Amino acid sequence: MAQVPARVSQEIVRAARRQRAARLYNARKEQWRFRLRRLRRAFLAMAGIYIAALVTALALGGISFAATLLSVLLGIAVFVVLSIYPATPRTRVGDLDTASLPELAGSTELWLEGRRRALPNAAVDAIDMIGVRLEQLAPQLAVLDERGPAAREVRKLLAEHLPGMVDSYTRIPPAMRSRPGPGGTTPSEQLVDGLCVIADQIEAVSEDLSRNDIDALATRGRFLETKYVEGD
């Protein structure tokens, strides 16, 4: 079966998994905050209905049993609906196209995390490496010009190539994912190889974006050395 390239050390993979665990923990905390806000909104809406019914009863000197029962049922129905909807937000492929450049790396990682269970176990290490490299890329995208060619290449890689590869795999019937194709490799192996290529491309993009900063830092260092060290 396809494996993550040997150049990816196990230490990096373990670090990636620790970082993933921390990200998942924070994501779950945010999901629970969203659910608690939803429950609080549902409870307040139900309480509002009952208070309105009570005020109406006091103003009219009482209401009929049917009206009381209707108020109770309405409050319960509103509570149930508002405690379920809106659903907990999830990142979808369409969100990657509309995400701003500073949000693109994080949105891609969340989308890929949501697809993890649909992918083979052999892809776990490659997915973790993509997550690490997306974290590395995120602060660089925050200062990248949206209209530049580099931004277009990043969007094509993260919002087109990666989702297209994953979605193509998930459309294959599960019974056929382990069958060798014409080239002798299975769809699962092809997916793992493709994810490794994506991880390498993200790293290459990050290095390209860093090169200008590295060159600027080296130039500044030479200037300081010339000005102060050689001067002394």
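Residues numbered from 1 in each chain as written. Predicted model: local features only at pLDDT ≥ 70, side-chain atom pairs only at ≥ 80, totals over all residues. Heavy atoms only, no water.

In this section: the packing of aromatic side chains. Here the structure, examined in full by the defined rule, presents zero aromatic pairs. Positioned above the aromatic ring of Y169 is the side chain of R177, whose terminal nitrogen or guanidinium carbon lies 4.8 Å from the ring centre. (Phe/Tyr/Trp six-rings, centres within 6.5 Å; stacked < 30°, edge-to-face > 60°. Lys NZ or Arg CZ within 6 Å of the ring centre and 35° of its normal.)

Look at helix α4 (residues 101-114) against helix α6 (residues 149-170): their axes get within 11 Å of each other, and the N-to-C directions meet at 10 degrees. Regarding the angle of α4 to α6, the classification is roughly parallel. Our pair here, α4 against α6, has a crossing hand that is left-handed. Together, L101, L104, T108, W111 and L112 of α4 and A151, V154, R155, L158, L162, P163, V166 and D167 of α6 make up the contact between the two elements. (Axes fitted to C-alpha atoms, helices over the stretch in contact; angles between N-to-C directions. Helix = DSSP H or I, 4+ residues; strand = E, 2+ residues; numbered from the N terminus. Parallel < 35°, antiparallel > 145°, perpendicular 65-115°, else oblique. Left-handed = near helix turned anticlockwise from the far one by under 90°. Contact = heavy atoms within 4.5 Å.)

At a minimum axis distance of 8 Å, the contact between α4 and helix α5 (residues 124-141) shows a crossing angle of 165 degrees. The angle between the axes of α4 and α5 places the two elements in the roughly antiparallel class. Here α4 and α5 pass one another in a crossing that is left-handed. Residues L101, P102, A105, T108, E109 and L112 of α4 lie in contact with α5, whose contacting residues are I127, I130, G131, L134, E135, A138 and L141. For the contact of α4 with α5, the per-class residue count stands at nine nonpolar, two polar and two charged. (Nonpolar A, V, L, I, M, F, W, Y, C, P; charged D, E, K, R; others polar.)

Of note, L191 is situated in helix α7 (residues 187-229). Assessed through its relative accessible area of 3%, L191 is described here as buried. Remark: the alpha-carbon pair of L191 and S168, spanning 23 residues in sequence, is separated by 9.2 Å. (Buried < 20%, exposed > 50% of the residue type's maximum accessible area, 1.4 Å probe, protein only.)

Okay, the UniProt feature "transmembrane region" (unreviewed entry) in the chain next. Using the residue numbers shown here, the UniProt feature "transmembrane region" (unreviewed entry) corresponds to residues 42-60 and 66-85. Helix makes up 100% of residues 42-60 and strand 0%, whereas the separation of the span's terminal C-alpha atoms amounts to 27 Å. (UniProt positions renumbered as here; feature names shortened; annotations may be inferred.)

Moving on to a nonpolar patch on the surface. A cluster of nonpolar side chains, namely Y50, F65, L69, V72, L73, I76, V80, V81, I84 and Y85, defines an oily patch on the protein surface of about 940 Å² accessible area. Per-element accounting of the nonpolar patch gives the leading share, eight residues, to helix α2 (residues 65-84). (Patch = residues over 30% accessible without salt bridge, like charges linked within 9 Å, V, L, I, M, F, W, Y side chains within 5 Å. Areas by Shrake-Rupley, 256 points an atom, 1.4 Å probe, with all protein chains shown as cover. Salt bridge = Lys/Arg side-chain N within 4 Å of Asp/Glu carboxyl O.)

On average, residues of the chain carry a pLDDT of 78, and 75% of them reach 70 or more. Per-element confidence in the chain ranges from a low mean pLDDT of 73 for α7 to a high of 89 for α6. Within the model, pLDDT remains below 50 along residues 1-8, and this stretch shows 16 contacts once partners closer than five positions in the same chain are excluded. (pLDDT = per-residue confidence, 0-100.)

Between its terminal C-alpha atoms α6 stretches 31 Å, which fits the 32 Å expected from 22 residues at 1.5 Å a residue. Residue L157 marks the point of greatest curvature in α6, where the axis turns by about 30 degrees. Buried within α6 we find A151, V154, L157, L158, A159, L162, P163, V166, D167, Y169 and T170. (Expected span 1.5 Å × (residues − 1). Bend = angle between axes of the 7 residues up to and from the residue.)

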